[in-house]
Amino acid sequence: MSMVYPHISTSADLLKSTVRLDELFPFLIEQGTASAAIVNSKLYGILPFWEACHKAGIHGVVGLSVFIEFEGQEYPAVLYAQSNTGYKNLLKITSALSTRTKRRSLNNG
């Protein structure tokens, strides 16, 4: 049976994960992983992840963890790139998010 890991945050997402690629890929190979998705809050670490997936024969997927505001509430969401165009759109989204003013306070979650 092939394993699929749809949501892996890595140490490239500072202060959110301690998962290092050099420790992750031996585990993924041992588990017989068919596909794995990197999902960080910024697109840091994508190239090393993609190269490690290619070397290990694992289908790599790129994702972005974001918060979507709706009616005054913020909801967590994960956006995945389905193609190179989708990846370019994720780049635009993460760039826009990093340049906007943060309105969330520490008390809101």
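Attention in this report is confined to the structure presented alongside it. (Residues numbered from 1 in each chain as written. Predicted model: local features only at pLDDT ≥ 70, side-chain atom pairs only at ≥ 80, totals over all residues. Heavy atoms only, no water.)

### Some remarks on the overall build of the protein
Of regular secondary structure, the protein possesses three helices and four strands. Tracing the protein from N to C terminus, the helices and strands come up as β-α-β-α-β-β-α. Every one of the 109 residues in the protein was classed for burial, and the buried ones make up 28%. Taking the intrachain contacts of the protein between residues at least 6 apart in sequence as the baseline, contacts between residues at least 24 apart amount to 57%. Working note: accessible area of the protein is about 7700 Å², and carbon and sulfur atoms make up 57% of it. (Helix = DSSP H or I, 4+ residues; strand = E, 2+ residues; numbered from the N terminus. Buried < 20%, exposed > 50% of the residue type's maximum accessible area, 1.4 Å probe, protein only. Contact = heavy atoms within 4.5 Å. Areas by Shrake-Rupley, 256 points an atom, 1.4 Å probe, with all protein chains shown as cover.)

### Comments concerning the pairing of strand β3 (residues 59-70)
As judged from the six bridges shared by strand β2 (residues 33-40) and β3, these two strands associate in the parallel manner. Bridging from a neighbouring strand, Val39 pairs with Gly63 of β3. Of the strand pairs in this sheet, β3 and strand β4 (residues 73-80) are connected by eight bridges, and their pairing is antiparallel. From the neighbouring strand, Leu64 faces β4, where its bridge partner is Leu79. Remark: two residues form the turn of the hairpin made by β3 and β4, two consecutive strands paired antiparallel; Glu71 in that turn has positive phi of roughly 50 degrees. (Pairing = 2+ DSSP bridges.)

### Quick look at the packing of aromatic side chains
Counted by the stated rule, this structure contains two aromatic pairs. Judged by centre distance (5.8 Å) and plane angle (55 degrees), the ring pair of Phe25 and Phe49 falls under tilted. A residue pair is termed long-range when its members are at least 10 positions apart, and Phe25 in helix α1 (residues 21-30) and Phe49 in helix α2 (residues 46-56) qualify at 24 residues. (Phe/Tyr/Trp six-rings, centres within 6.5 Å; stacked < 30°, edge-to-face > 60°.)

### Some words on the nonpolar core
The biggest cluster of nonpolar side chains holds 18 residues, and the ones touching the most others in it are Phe25, Leu28, Ala36, Leu43, Phe49, Ile58 and Leu90. When residues of this core are traced back to their parent elements, those giving at least two are α1, β2, α2 and β3. The biggest single contributor to this core is α2, with four residues. Every residue in contact with Ala36, bar those within four places of it in the chain, is listed here: Tyr5, Ile8, Leu28, Phe49, Ile58, His59, Gly60 and Val61. (Core = buried A, V, L, I, M, F, W, Y, C linked by side-chain atoms within 4.5 Å.)

### Observations concerning the side chain of Thr94
Position of Thr94 among the secondary structure elements: in helix α3 (residues 84-99). We classify Thr94 as buried; its relative accessible area is 13%.

### Here's the deal with the sheet that holds β3
Taken in spatial order, the four strands make up an open sheet running β1-β2-β3-β4, and their pairing is mixed. Where the open sheet ends on each side, the last strands, each with one partner, are β1 (3-8) and β4. Sheet twist, expressed as the mean angle between neighbouring strand axes with direction ignored, is 20 degrees. In this sheet, β2 lies alongside β1 in parallel orientation, the contact comprising four bridges. Bridge assignment links Met3 to a residue of β2, and that residue is Thr33. (Axes fitted to C-alpha atoms, helices over the stretch in contact; angles between N-to-C directions.)

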